[in-house]
Amino acid sequence: RWLTCQSLPPGALQSIADTIADRLRVPWFSGAVKINVSLVPPLVLLPVFLHVAALHFLLGLIVLTSLPAVVLWYYYLTHRRKERTLFFLSLGLFSLGYMYYVFLREVVPRGHVQHSQVAALTCGLILMLAALSRAKKDPGYLPIPAGDEKPPHQGLPNRSVRGSSSGLLGIATAGAASSRAVNGEAKGYSRVSADGPEGVKKDWCAKCRLVRPARAGHCRLCGRCVRRLDHHCVWINSCVGEQNHQAFILALSFFMLTSVYGITLTLHTICRGRTPFVALFYCPGAYSDYSSSLSFTCVWYCAIVTAGMGYILLIQLLNISYNVTEREARLALRDNTGRRLLGGLVIDTGQYNRGFLCNWGHFLSMGSSPPQRSAEDIV
């Protein structure tokens, strides 16, 4: 019907795509293993696009311009559907591996890169992967209450209840359920007037059926509440919270250093006699042979990715300096309770800001010890 331009029943294409995704399996000793469809496009399309872009300058311009647009389109598509995907994680990891492969195959054999420089680049890549592995672990999920029955959160009594270290210090009244979702915030939670330290209110999460401590939030993609939720990062396919925020910043920092170092080594090899910044925009002879053109195309691909990750790292460092999370900044913009600083790069809520040094001290000591639970919590 599609080939003959006839109308398709509603949901037919989605049903076909779901069927293909379910049947895409590879043989294995213990049985066929299902392959996540989102893993396939980066493995196939990235080498093809880069090799096509290396054929001519105009092809490179078209491909390198369209790639960010396609990635952004896919991000907004999955974000609107509230879907988790391994596309971005596989794209990032495969890009690292493929760039490293091109560097060893096309750049190192030219003889202008020393063994110590290759070792330094390799160490940076290993450290970045180690930090990324740590960032993929538990971001600080709040424990889900045991049992299937819902706790008696409806009709909360108007009396003070002595709380615990998990956040509930005094329940007064339950607010109306929120109907909006901001930065992974799930619909249908009630704001509970439970004053804690510094007068911060706690939230009742109707999805997880628990009272969230200060600065915690519910991720609609992971379906869990996370302590000090910053945001859900598609590049690691996980939330960034209290337990993995430091590792996330460390992974971004190692990536920036390693990527800039690799770009510099490559440009010094294929555009000798020019500074890396000048060679990035003016490199005569870059398309004289296919090896140089492929290396130059990969350099520009790395530069585009590095610029995007550099912007994310900059925003993160500014937020840490003002002790505000990405989720809190979005909520402050929604409620018009924050002020824009540095041209709108950071939103200062003023709620937790204690100065530059204190803010960074709080961040570096964050998640060093698990939260203590009181005897009332255990009971």
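Residues numbered from 1 in each chain as written. Predicted model: local features only at pLDDT ≥ 70, side-chain atom pairs only at ≥ 80, totals over all residues. Heavy atoms only, no water.

*Asks:* How should I be thinking about the overall build of the protein in this particular structure?
*Replies:* Per the secondary structure count, the protein includes 11 helices and 12 strands. Burial analysis of the protein (379 residues in total) assigns 41% to the buried set. Considering only residue pairs separated by 6 or more positions, the protein has 58% of its internal contacts joining residues 24 or more positions apart. Counting only carbon and sulfur atoms, one obtains 63% of the accessible surface of the protein, whose full area is about 21,100 Å². (Helix = DSSP H or I, 4+ residues; strand = E, 2+ residues; numbered from the N terminus. Buried < 20%, exposed > 50% of the residue type's maximum accessible area, 1.4 Å probe, protein only. Contact = heavy atoms within 4.5 Å. Areas by Shrake-Rupley, 256 points an atom, 1.4 Å probe, with all protein chains shown as cover.)

*Asks:* Explain the nonpolar core here, please?
*Replies:* Soluble globular proteins tend to bury their nonpolar side chains together. Core analysis: the largest hydrophobic core is formed by 30 residues, its most contacted members being Leu50, Met99, Ile263, Leu267, Phe296, Cys298 and Tyr301. At 7 residues, helix H8 (residues 290-321) tops the list of elements feeding residues into this core. If we skip the residues at most four places from it in the chain, Leu50 touches Tyr98, Met99, Leu294, Thr297, Cys298 and Tyr301. Counting 21 residues, the second-largest nonpolar core is a separate cluster that includes Ala131, Leu132, Ala247 and Met256. (Core = buried A, V, L, I, M, F, W, Y, C linked by side-chain atoms within 4.5 Å.)

*Asks:* So what exactly am I meant to see when it comes to unusual backbone geometry here?
*Replies:* Negative phi is the rule for most residues except glycine; trans is the rule for most peptide bonds. In this structure, Arg209 is a non-glycine residue whose phi angle is positive, near 55°. Within the secondary structure layout, Arg209 lies in the loop between strand S5 (201-205) and strand S6 (210-212).

*Asks:* How should the packing of aromatic side chains be read in this particular structure?
*Replies:* The geometry of an aromatic ring pair comes down to the distance between the two centres and the angle between the two planes. A full pass over the atoms with the stated rule returns 15 aromatic pairs. Ring centres 4.6 Å apart and planes at 55° place the aromatic pair Tyr74 and Phe87 in the tilted group. One end of the pair, Tyr74, is in helix H3 (residues 57-81); the other, Phe87, is in helix H4 (residues 87-107), with 13 residues separating them in the sequence. Residue Tyr74 is classed as partly exposed on the basis of its relative accessible area, which comes to 22%. Its relative accessible area of 12% is what places Phe87 among the buried residues. (Phe/Tyr/Trp six-rings, centres within 6.5 Å; stacked < 30°, edge-to-face > 60°.)

*Asks:* Help me out: how do you make sense of the UniProt feature "transmembrane region" (unreviewed entry) in the protein in this one?
*Replies:* Within this numbering scheme, the UniProt entry marks residues 48-74, 86-103, 115-132, 247-270 and 290-314 as carrying the feature "transmembrane region" (unreviewed entry). Helix makes up 94% of residues 86-103 and strand 0%. Its end C-alpha atoms lie 25 Å apart. The distance from the first to the last C-alpha atom of residues 290-314 is 36 Å, and the span holds 100% helix and 0% strand. (UniProt positions renumbered as here; feature names shortened; annotations may be inferred.)

*Asks:* Where do I start with the state of the cysteines in this structure?
*Replies:* By definition, a disulfide links the sulfur atoms of two cysteine residues through a covalent bond. The final tally for this structure, using the stated rule, is 1 disulfide. Between Cys208, a free cysteine, and Cys225, which holds the nearest cysteine sulfur, the sulfur-to-sulfur gap is 3.7 Å. The class for Cys208 is buried, based on a relative accessible area of 6%. (Disulfide = S-S within 2.5 Å.)

*Asks:* How should I be thinking about the pattern of salt bridges in this particular structure?
*Replies:* A side chain of one charge can pair with a side chain of the opposite charge if their charged atoms are brought near each other. Inspection of the entire model under this criterion finds 6 salt bridges. One salt bridge in this structure joins Arg334 and Asp335, with 3.0 Å as the shortest N-O distance. Overall, the relative accessible area of 26% leaves Arg334 in the partly exposed class. (Salt bridge = Lys/Arg side-chain N within 4 Å of Asp/Glu carboxyl O.)

*Asks:* Is there a simple way to explain the packing of H3 against H4 in this structure?
*Replies:* When two helices pack together, you describe them by how their axes are tilted relative to each other and by the distance separating the axes. Taken N-terminus to C-terminus, the directions of H3 and H4 make an angle of 150°; their axes are 11 Å apart at the nearest point. What the angle tells us is that H3 and H4 run roughly antiparallel. Residues Val71, Tyr74, Tyr75 and Thr78 of H3 lie in contact with H4, whose contacting residues are Phe87, Phe88 and Leu91. Grouping the amino acids of the contact of H3 with H4 by side-chain chemistry returns 6 nonpolar, 1 polar and no charged. (Axes fitted to C-alpha atoms, helices over the stretch in contact; angles between N-to-C directions. Parallel < 35°, antiparallel > 145°, perpendicular 65-115°, else oblique. Nonpolar A, V, L, I, M, F, W, Y, C, P; charged D, E, K, R; others polar.)

*Asks:* What's the story with the environment of Gly97 in this structure? I'm lost.
*Replies:* Along the chain, Gly97 turns up in helix H4. Residue Gly97 is classed as partly exposed on the basis of its relative accessible area, which comes to 42%. Counting along the chain gives 28 residues from Gly97 to Leu125, while the straight-line C-alpha distance between them is 9.4 Å.

*Asks:* In this structure, what is going on with the side chain of Asp348? I would like to understand it.
*Replies:* Here Asp348 lies in strand S12 (residues 346-348). Residue Asp348 is classed as buried on the basis of its relative accessible area, which comes to 5%. One polar contact links the side chain of Asp348 to the main-chain amide nitrogen of Gly350, over a distance of 3.0 Å. Among all residues touching Asp348, those that are not within four sequence positions of it are Tyr322, Gly338, Arg339, Leu341 and Asn353. (Polar contact = N/O pair within 3.5 Å; in protein donor to acceptor, adjacent residues only side chain to side chain.)

*Asks:* Just to check I follow, could you spell out the packing of helix H2 (residues 40-53) against H3 for this structure?
*Replies:* The geometry of H2 relative to H3 is characterised by a closest axis approach of 7 Å and an angle of 145° between their N-to-C directions. Judged by residue contacts, Phe49, Val52 and Ala53 of H2 engage Leu59, Gly60, Val63 and Leu67 from H3.

*Asks:* Just to check I follow, could you spell out the environment of Ser95 for this structure?
*Replies:* Mapping Ser95 onto the fold places it in helix H4. For Ser95, a relative accessible area of 9% translates into the label buried. Note: C-alpha distance between Ser95 and Cys298 (203 residues apart in sequence) is 9.6 Å. Excluding residues that lie within four positions of it along the chain, Ser95 makes contacts with Leu46 and Tyr301.

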